Amino acid sequence: MILDSDWKAEFCRVAESHPKVKAYVKNHNLGLEVPYRYGSEMRTYLPDFIVLTDDGHDNLLNLIVEIKGYRREDAKEKKSTMETYWVPGVNNHGHYGRWAFAEFTEVYRIEADFKAKVEAEFNKMIEEVMKDNW
């Protein structure tokens, strides 16, 4: 994989060693672009990675991953757009699989934060199953 930062290299090491990761890809020329508004201007956001994760469902979870060091104001808008609009909208549509979003902002915490995100998605699946069975 061609990497443009040491932080992204660290994320690849973490993803490759995590037992619930089935595959991952750098979002380069894949066409995954997310429109967002920054002030009065429309912009396009290209997330860094897509990670296929086994979170216990029959179909794999598509986890969009952003690796971000310094966070300018527009990065906050991108994250908000993903969490508030894009992920819920795609999941509600139901025809493109299941999606989640994670942003990692500290290189020395990528491994622990990634593990926590995957576990949170797995726990969410368990809660959904329990709720459906009651």
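Everything here concerns the structure above.
**Student:** Quick question: what am I supposed to make of the packing of aromatic side chains here?
**Tutor:** What describes a pair of aromatic rings is the distance from one ring centre to the other and the angle between the planes of the rings. The tally for this structure, following the rule as stated, stands at 6 aromatic pairs. Relative to Phe-104, the ring of Phe-11 has its centre 6.1 Å away and its plane inclined at 25 degrees; by these criteria the two rings are stacked. Placement of the pair is Phe-11 in helix H1 (residues 6–17) and Phe-104 in strand S6 (residues 98–104), with a sequence separation of 93 residues. The pair formed by Phe-11 and Phe-104 is uniform in burial state, with each residue classed as buried. A centroid spacing of 5.3 Å and a plane angle of 90 degrees characterise the contact between Trp-86 and Trp-99, whose relative ring orientation is edge-to-face. Separated by 13 residues along the polypeptide, Trp-86 in helix H2 (residues 73–93) and Trp-99 in strand S6 bring together distant segments of the chain. When its relative accessible area of 18% is taken as the criterion, Trp-86 is described as buried. You can call Trp-99 buried: its relative accessible area is 14%. In this structure an aromatic cluster arises from ring pairing among Phe-11, Tyr-24, Phe-49, Phe-104 and Phe-114.

**Student:** Explanation requested: the pattern of salt bridges in the structure shown.
**Tutor:** Once the charged atoms of two side chains with opposite charge are near each other, the side chains can pair. Counted by the stated rule, this structure contains 14 salt bridges. A salt bridge links Asp-4 to Lys-8, with the nearest nitrogen and oxygen atoms 3.1 Å apart. Given the relative accessible area of 11%, Lys-8 is considered buried. Among the ionic pairs, Lys-26 bridges to Asp-4, the shortest N-O distance being 3.5 Å. Of this pair, Lys-26 sits in strand S1 (residues 21–26) while Asp-4 sits in the segment before H1; the two residues are 22 residues apart in sequence, bridging distant segments of the chain. For Asp-4, a relative accessible area of 51% translates into the label exposed. Look at the salt bridges and you will find they share partners, linking Asp-4, Lys-8, Lys-26 and Asp-48 into a network.

**Student:** When you look at the nonpolar core in this model, what are you seeing that I'm missing?
**Tutor:** In summary, soluble globular proteins display a tendency toward joint burial of nonpolar side chains. Of all hydrophobic cores here, the largest spans 18 residues; its most connected members are Phe-11, Phe-49, Val-51, Leu-63, Val-65, Phe-104 and Phe-114. Looking at this core, the elements with two or more residues in it are H1, strand S4 (49–53), strand S5 (61–67), S6 and helix H3 (110–133). In terms of nonpolar packing, the next biggest core, distinct from the first, is built from 12 residues, Ile-50, Met-82, Val-87 and Phe-101 among them.

**Student:** Explain the sheet that holds S5 to me, please; I cannot follow it from the model alone.
**Tutor:** Sheet strands pair by backbone hydrogen bonding; their relative direction is either parallel or antiparallel. The strand order S1-S4-S5-S6 describes an open sheet built from 4 strands, whose pairing is mixed. Strands at the two margins of the open sheet, each flanked by one partner only, are S1 and S6. The mean angle between the axes of side-by-side strands here comes to 25 degrees, regardless of whether they run parallel or antiparallel. Bridge count between S4 and S5: 5 bridges; the pairing is antiparallel. Bridging across to S5, Ile-50 finds its partner in Ile-64.

How each quantity is defined
- Residues numbered from 1 in each chain as written.
- Predicted model: local features only at pLDDT ≥ 70, side-chain atom pairs only at ≥ 80, totals over all residues.
- Heavy atoms only, no water.
- Phe/Tyr/Trp six-rings, centres within 6.5 Å; stacked < 30°, edge-to-face > 60°.
- Helix = DSSP H or I, 4+ residues; strand = E, 2+ residues; numbered from the N terminus.
- Buried < 20%, exposed > 50% of the residue type's maximum accessible area, 1.4 Å probe, protein only.
- Salt bridge = Lys/Arg side-chain N within 4 Å of Asp/Glu carboxyl O.
- Core = buried A, V, L, I, M, F, W, Y, C linked by side-chain atoms within 4.5 Å.
- Pairing = 2+ DSSP bridges.
- Axes fitted to C-alpha atoms, helices over the stretch in contact; angles between N-to-C directions.

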